[in-house]
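Chain and residue survey
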Amino acid sequence: MAEFLPLPPRHDPGRPPEEAARAFYEVMRSRRSVRAFADRPVSRETVEWLVRAAGTAPSGANKQPWRFVAVQDPDLKRRIRLAAEEEERAFYAQRATPAWLRDLEPLGTDPDKSFLERAPWLIVVFKLARGDDGGNVYYAEESVGIATGLLLAAAHHAGLATLTHTPSPMGFLARILGRPAHERAWMLIPLGWPAEDCRVPAAALERKPLEQILVYDRGEG
Ligand code: IYR
């Protein structure tokens, strides 16, 4: 029989939700994907709080099908960079369709992934295809996506910069990091302080207005 506990109260009755929601939006709206990091360390303790925040995500049947591998070692970072750049060179030279390359043009990306060595941490997000005990997981894709979103929000809230990097294919990450067979590399997130002269693509500043992303009921018309 499932046991239930009372939900501890947490809402601050003195603060209207409109105000709190707006304040959170004001924090989040300044988040940018960053590819230029400062040569400034980020403590392990910080990484641990960020990953704890990510680990609060809801997940299918609460199976928490994620692992966050925090890489700081320069030799490992170098190996990851070299392997990622090899895949990216093939992507830009052959694998990407012309339409995809056109879509990336405003972002100014290329096969150079020096940020993979420069960022003090690489957080490699793995999706568990099975539980560590061999049991089932459910909605793993959605679960890992939500957890990763929380990680990005937590990092931004802490003043730190991230990049959602998806070298493709990314099987090399499990190999280099010696991860077990039930862990599938899902995303590579460089984490650090943004470089002082960090510039971000103007196109990435544009966000769809609310009218384009929110519909009430079935919309009008
Ligand atoms: N993985 C490549 C290409 C790339 C793809 C998308 I979709 C982006 O939003 C950005 C880049 C790279 O990292 O360069």
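The text that follows walks through the structure, step by step, so that each part is easy to find. Computed from a predicted model, the values in this text were never measured in an experiment. (Residues numbered from 1 in each chain as written. Predicted model: local features only at pLDDT ≥ 70, side-chain atom pairs only at ≥ 80, totals over all residues. Heavy atoms only, no water.)

**Observations concerning the overall build of the chain**
- Scanning the chain from terminus to terminus reveals eight helices and four strands.
- Starting at the N terminus and walking to the C terminus, you meet the elements of the chain as α-α-β-α-α-α-β-α-β-α-β-α.
- Considered along the principal axes of its C-alpha atoms, the chain spans approximately 55 × 45 × 40 Å.
- Going through the 221 residues of the chain one by one, you find that 35% of them count as buried. (Helix = DSSP H or I, 4+ residues; strand = E, 2+ residues; numbered from the N terminus. Buried < 20%, exposed > 50% of the residue type's maximum accessible area, 1.4 Å probe, protein only.)

**Some remarks on the layout of surface pockets**
- Its boundaries defined by the atoms lining it, the largest pocket holds a volume of some 490 Å³.
- Counting residues per element, the lining of the largest pocket draws most heavily on helix 3 (residues 74-95), at three residues.
- Classifying every residue of the lining of the largest pocket gives ten nonpolar, six polar and six charged. (1 Å grid on protein atoms, 1.4 Å probe; cavity = no way out; pocket = protein on both sides within 12 Å on 5 of 7 lines; lining within 4 Å. Points joined across faces, edges and corners; volume = space filled by probe spheres on them. Nonpolar A, V, L, I, M, F, W, Y, C, P; charged D, E, K, R; others polar.)

**Considerations on the pattern of salt bridges**
- Summed over all chains, the structure comprises eleven salt bridges.
- Note that R95 and E87 form a salt bridge whose closest N and O atoms lie 2.9 Å from each other.
- Take R95: its relative accessible area is 42%, and that puts it in the partly exposed class.
- Here R179 and E183 are joined by a salt bridge, their closest N and O atoms 2.7 Å apart.
- Here the salt bridges share partners, and the residues they tie into one network are R67, D132, R179 and E183. (Salt bridge = Lys/Arg side-chain N within 4 Å of Asp/Glu carboxyl O.)

**Overview of the sheet that holds strand 3 (residues 161-162)**
- As summarised here, the arrangement of the four strands in space is 1-2-4-3, forming an open sheet in which the pairing is antiparallel. Strands with a single pairing partner mark the edges of an open sheet, and in this sheet they are strand 1 (66-71) and strand 3.
- The pairing of strand 2 (residues 121-128) with strand 4 (residues 183-192) spans eight bridges and is antiparallel. Pairing of W121 across the sheet is with L191, part of strand 4.
- Strand contacts of helix 2 (residues 44-54): strand 1, strand 2 and strand 4, with the helix running at about 165 degrees to strand 1, the strand carrying the most contacts. (Pairing = 2+ DSSP bridges. Contact = heavy atoms within 4.5 Å. Axes fitted to C-alpha atoms, helices over the stretch in contact; angles between N-to-C directions.)

**Overview of the site of the ligand**
- Within the structure, the ligand sits among E88, F91, Y92, W100, L104, T109, D110, K113, H165 and T166.
- Between an oxygen atom of the ligand and a side-chain N or O atom of Y92, the distance comes to 2.5 Å.
- About the coverage of the ligand: the protein hides 72% of its 380 Å² of free accessible area.
- Most atoms of the ligand, that is more than half of them, are within 2 Å of grid points of the largest pocket.
- Broken down by secondary-structure element, the contributors of at least two residues to the shell around the ligand are helix 3 and helix 4 (98-104).
- Counting residues per element, the shell around the ligand draws most heavily on helix 3, which supplies three residues. (Near = heavy atom within 4 Å. Polar contact = N/O pair within 3.5 Å; in protein donor to acceptor, adjacent residues only side chain to side chain. Areas by Shrake-Rupley, 256 points an atom, 1.4 Å probe, with all protein chains shown as cover. Sits in = over half its atoms within 2 Å of the grid points.)

These results come straight from atomic positions and should not be treated as a statement about function.
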